[in-house]
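Given next are the chains, with one letter for each unit.
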Amino acid sequence: MLDDLTSFIAATTGLAVSSVESARSPRGGVLHGFACPPDACTDAWRRLRSEFSRTGLWPFVSHQRPMDWDWDETRSGAQHVAEPAGHRPVLERLLAEQSGQLRLGVPGAGPAADGLDALVESLIRAIGDGAAPARGLDPDEVFARPPGWICLAPVADPSGLPELLDAPDTVNWTSDAPDATLGYADHSAVLREWNVRYGAVPYQIGSRTLVLAVKHPPVSRRETARVALEQFAYCPDLEQVLGGPVAIAQRQAGADRWFFHWD
């Protein structure tokens, strides 16, 4: 751990940081945070991210300060960092569990028996050739007020942040499967898969929201369609802010920021 975290943050970000707030996580380690002018958060996040290999502290933008973090009081124990051998990939499971809703959202989709590849083809046709390049969601479209904190969490793999932070909370998440849930370990597994494929990492985390910064978003129409289906299966509540799979493919899947919200 750095001896003087406040001075390090100020020197790294160029911001006049007077103090750093810290709160111990029930999952292990200490969550740090400092108030940041909203218009400076992205640049500060990038600068602190560049130091992650040295500090072991992953930065993320948030509306919540460490002392007010919504820890899950029903959960006990430290974070889980590894999936069991032979574990079914979580996105594969989510696509299967949300198959019915996905087909309702894709014009011309056939029966479930046709399989995922056929659904991807139907979505490609629905997207069309003339779709505008994805620009992603503007933060002003999403948040009632901009985030004003940057937190730093001790984690070896940033994809594991949901397990460390008990966030996002998705207790109302439902699917076609009986007794289906989307837990913190599921969030982390999704993030790990998208990190491997697209370089996606956590940028913003809140009690009900998640924004990923994406280094290599999909380019081909087929890959974009597949990712749009994955995103809807992961977060059906995107329909409230973006729309269904067609809108996700057109507006978000190919962008360098991916936004998720669970109501």
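Further up the page is the structure itself.
Bear in mind the structure is a predicted one, so any value in this text is a computation, not a measurement.

Definitions and cut-offs
Residues numbered from 1 in each chain as written. Predicted model: local features only at pLDDT ≥ 70, side-chain atom pairs only at ≥ 80, totals over all residues. Heavy atoms only, no water. Helix = DSSP H or I, 4+ residues; strand = E, 2+ residues; numbered from the N terminus. Buried < 20%, exposed > 50% of the residue type's maximum accessible area, 1.4 Å probe, protein only. Contact = heavy atoms within 4.5 Å. Areas by Shrake-Rupley, 256 points an atom, 1.4 Å probe, with all protein chains shown as cover. Phe/Tyr/Trp six-rings, centres within 6.5 Å; stacked < 30°, edge-to-face > 60°. Lys NZ or Arg CZ within 6 Å of the ring centre and 35° of its normal. Axes fitted to C-alpha atoms, helices over the stretch in contact; angles between N-to-C directions. Parallel < 35°, antiparallel > 145°, perpendicular 65-115°, else oblique. Left-handed = near helix turned anticlockwise from the far one by under 90°. Nonpolar A, V, L, I, M, F, W, Y, C, P; charged D, E, K, R; others polar. Core = buried A, V, L, I, M, F, W, Y, C linked by side-chain atoms within 4.5 Å. Arc of directions from axis to C-beta. Polar contact = N/O pair within 3.5 Å; in protein donor to acceptor, adjacent residues only side chain to side chain.

Enquirer: Describe the overall build of the protein, listing the residues and the values that go with them.
Expert: In terms of helices and strands, the protein carries 11 helices and 7 strands. Within the protein, buried positions represent 50% of all 263 residues. When contacts within the protein are restricted to residue pairs at least 6 apart in sequence, long-range pairs at least 24 apart make up 73% of them. Carbon and sulfur atoms make up 50% of the accessible area of the protein, which amounts to about 12100 Å² in all.

Enquirer: Please provide a residue-by-residue account of the packing of aromatic side chains, values included.
Expert: One pair of aromatic rings is described through two measures. These are the centre distance and the angle between the planes. By the definition in use, this model includes 13 aromatic pairs. Aromatic side chains Trp45 and Trp58 sit 6.4 Å apart centroid to centroid with 80° between the ring planes, which places their arrangement in the edge-to-face category. Highlighted residues: Trp45 in helix H2 (residues 41–49) and Trp58 in strand E3 (residues 57–62), separated in sequence by 13 residues. The exposure class of Trp58 is buried, given its relative accessible area of 4%. Measuring from ring centre to ring centre gives 6.3 Å for Trp69 and Trp71, while their planes differ by 50°; the resulting arrangement is tilted. The rings of Trp194, Tyr198, Tyr234, Trp258, Phe260 and Trp262 are connected pair by pair, giving a single aromatic cluster. When the ring centre of Tyr203 is taken as origin, the NZ or CZ atom of Arg257, which lies over that ring, is 4.5 Å away.

Enquirer: Describe the packing of helix H9 (residues 184–198) against helix H10 (residues 221–234), listing the residues and the values that go with them.
Expert: A pair of packed helices is characterised by two quantities: the angle between their axes and the separation of those axes. Taken N-terminus to C-terminus, the directions of H9 and H10 make an angle of 165°; their axes are 12 Å apart at the nearest point. The pairing of H9 with H10 is recorded here as roughly antiparallel in orientation. Taken as a pair, H9 and H10 cross one another with a handedness that is left-handed. Across the interface between the two elements, His187, Val190, Leu191, Trp194, Arg197 and Tyr198 from H9 touch Glu223, Arg226, Val227, Glu230, Gln231 and Tyr234 from H10. Residues of the contact of H9 with H10, tallied by class, amount to 6 nonpolar, 2 polar and 4 charged.

Enquirer: Explain the nonpolar core to me, and be specific about the residues and the numbers.
Expert: Judged by nonpolar contacts, the single largest core of 76 residues is most densely connected at Trp194, Tyr234 and Phe260. With 7 residues, the single largest contributor to this core is H10. Setting aside residues up to four positions removed in sequence, Tyr234 forms contacts with Leu94, Trp173, Leu182, His187, Val190, Leu191, Trp194, Leu210, Phe260 and Trp262.

Enquirer: Would you mind going over the packing of helix H4 (residues 90–97) against H9 in detail, with residue names and values included?
Expert: Their axes nearest at 9 Å, the elements H4 and H9 cross at an angle of 110°. The orientation of H4 relative to H9 falls into the category roughly perpendicular. The residues of H9 that touch H4, namely those facing Val90, Leu91, Arg93 and Leu94, are Asp186, Ala189, Val190, Glu193, Trp194 and Arg197.

Enquirer: A description of helix H1 (residues 5–13) should follow, citing residues and the corresponding values.
Expert: Along an α-helix, residues three or four apart share an orientation, since each turn contains 3.6 residues. Burial in H1 covers these residues: Leu5, Thr6, Phe8, Ile9, Thr12 and Thr13. On an axial view of H1, the arc spanned by its buried residues comes to 165°, and they lie on one face. Buried residues belonging to H1 abut strand E2 (30–35), H2, helix H3 (52–55), E3 and strand E4 (149–154). Its side-chain oxygen placed 3.4 Å from the backbone nitrogen of Thr6, Asp4 serves as the N-cap of H1. Taken from the residues just after H1, Gly14 is the one with a positive phi, measuring 75°.

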